[in-house]
Amino acid sequence: MTLIEVFVPKGSLSETERRTLGERLVTGLLSGRSELVERARAMTSVLIHEPQGWSVGGRGVASTVAPPFIVRLIVPGGHLNDGQRSEAVSRITRVLAEFAGDTQRLYRNPDAWIQIVEAPDGSLGLFGQVVGNADLIQRIVDPTHDAALHDRADASQADRQRT
């Protein structure tokens, strides 16, 4: 599971722009055309937030034609190296630049802050249970793996009902 959260000033993007930004972030981060890439995309969610209040340096951020961006990328932890983190930031910045009003602005000004959060192994839940990174990767590699997760969840639920 990958979660991409994007924060932009309220009203700075239209509904169509928000939808397009979400789609472009997924395809920009997970590029290529294969069954595995499609399964990884299916496990990627994008949330676009428009905070009611936002200030930087003690001054409010107003909606503008060229919004600033804050992005939080949450991924299962332990498998990214420095090169992969750098590539993720580069790909996200390229997509954001399409919506910045000036495609070079984000490379000149600190108007896009990207935070990568690697969730520790065993800190994500699915089917009512904690799942590890190996289970999440297996969901991408083997589409039948969900049945094993369901069986584990059913067994765990049955154990709880007996006690």
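It should be noted that the structure appears before, not after, this text.
Criteria and thresholds
- Residues numbered from 1 in each chain as written.
- Predicted model: local features only at pLDDT ≥ 70, side-chain atom pairs only at ≥ 80, totals over all residues.
- Heavy atoms only, no water.
- Helix = DSSP H or I, 4+ residues; strand = E, 2+ residues; numbered from the N terminus.
- Buried < 20%, exposed > 50% of the residue type's maximum accessible area, 1.4 Å probe, protein only.
- Contact = heavy atoms within 4.5 Å.
- Areas by Shrake-Rupley, 256 points an atom, 1.4 Å probe, with all protein chains shown as cover.
- Pairing = 2+ DSSP bridges.
- Axes fitted to C-alpha atoms, helices over the stretch in contact; angles between N-to-C directions.
- Left-handed = near helix turned anticlockwise from the far one by under 90°.
- Nonpolar A, V, L, I, M, F, W, Y, C, P; charged D, E, K, R; others polar.
- Arc of directions from axis to C-beta.
- Parallel < 35°, antiparallel > 145°, perpendicular 65-115°, else oblique.
- Salt bridge = Lys/Arg side-chain N within 4 Å of Asp/Glu carboxyl O.

Asks: Before we go on, may I ask you to explain the overall build of the protein in this structure?
Replies: Broken down by element type, the protein carries 6 helices and 8 strands. When its helices and strands are written in sequence order, the protein yields β-α-α-β-β-β-β-α-α-β-β-β-α-α. Per-residue burial over the protein gives 34% buried out of 163 residues. In the protein, of all internal contacts separated by at least 6 residues, the share reaching a separation of at least 24 is 68%. A total of about 9600 Å² of accessible surface is found on the protein, and carbon and sulfur atoms cover 53% of it.

Asks: What is the right way to read the sheet that holds strand 5 (residues 69-76) from this model?
Replies: Two modes of strand pairing occur in sheets, parallel and antiparallel, and in both the strands are linked by backbone hydrogen bonds. Pairing is mixed across the open sheet formed by 4 strands, whose spatial order is 2-1-5-6. Each edge of the sheet is formed by a strand with only one pairing partner; in this case those strands are strand 2 (44-49) and strand 6 (112-119). Neighbour-to-neighbour, the strand axes of this sheet turn through a mean angle of 15 degrees, independent of strand direction. Contacting strand 1 (2-7), strand 2 and strand 5, helix 1 (residues 15-29) crosses the sheet at an angle of about 145 degrees to strand 2.

Asks: Any chance you could explain the packing of helix 1 against helix 3 (residues 82-97) here in plain terms?
Replies: The description of two packed helices rests on the angle between their axes and on the distance between the axes. Relative orientation of the contacting elements helix 1 and helix 3 amounts to 150 degrees, with a least axis distance of 9 Å. Where helix 1 crosses over helix 3, the two elements pack in a sense that is right-handed. On helix 3, the residues that touch L21, R24, L25, G28 and L29 of helix 1 are A88, R91, I92, V95 and L96. Each residue belonging to the contact of helix 1 with helix 3 can be placed in one class, and the counts come to 7 nonpolar, 1 polar and 2 charged.

Asks: Any chance you could explain helix 5 (residues 133-141) here in plain terms?
Replies: Given 3.6 residues per helical turn, the α-helix brings residues three or four places apart onto the same face. Within helix 5 the residues assigned to the buried category are N133, D135 and L136. Around the axis of helix 5, the buried residues are gathered within 165 degrees of arc, so they sit on the same side.

Asks: Explanation requested: the packing of helix 2 (residues 35-42) against helix 5 in the structure shown.
Replies: Helix 5 packs onto helix 2 with a crossing angle of 130 degrees between their chain directions and a minimal axis gap of 8 Å. Put simply, helix 2 runs oblique to helix 5. For the pair helix 2 and helix 5, contact is made by L36, R39 and A40 and by R139, I140 and V141, respectively. When grouped by side-chain class, the residues that make up the contact of helix 2 with helix 5 number 4 nonpolar, no polar and 2 charged.

Asks: Can you help me understand the pattern of salt bridges in this one?
Replies: If the charged atoms of two oppositely charged side chains come close together, the side chains can form a pair. The full count for this structure, using the stated rule, is 12 salt bridges. A salt bridge links D82 to R85; the shortest N-O distance between them is 2.9 Å. Placement of both D82 and R85 in helix 3 is noted, with a separation of 3 residues, approximately one turn of the helix. Taking relative accessible area as the criterion, D82 reaches 62% and is therefore assigned exposed. Taking relative accessible area as the criterion, R85 reaches 27% and is therefore assigned partly exposed.

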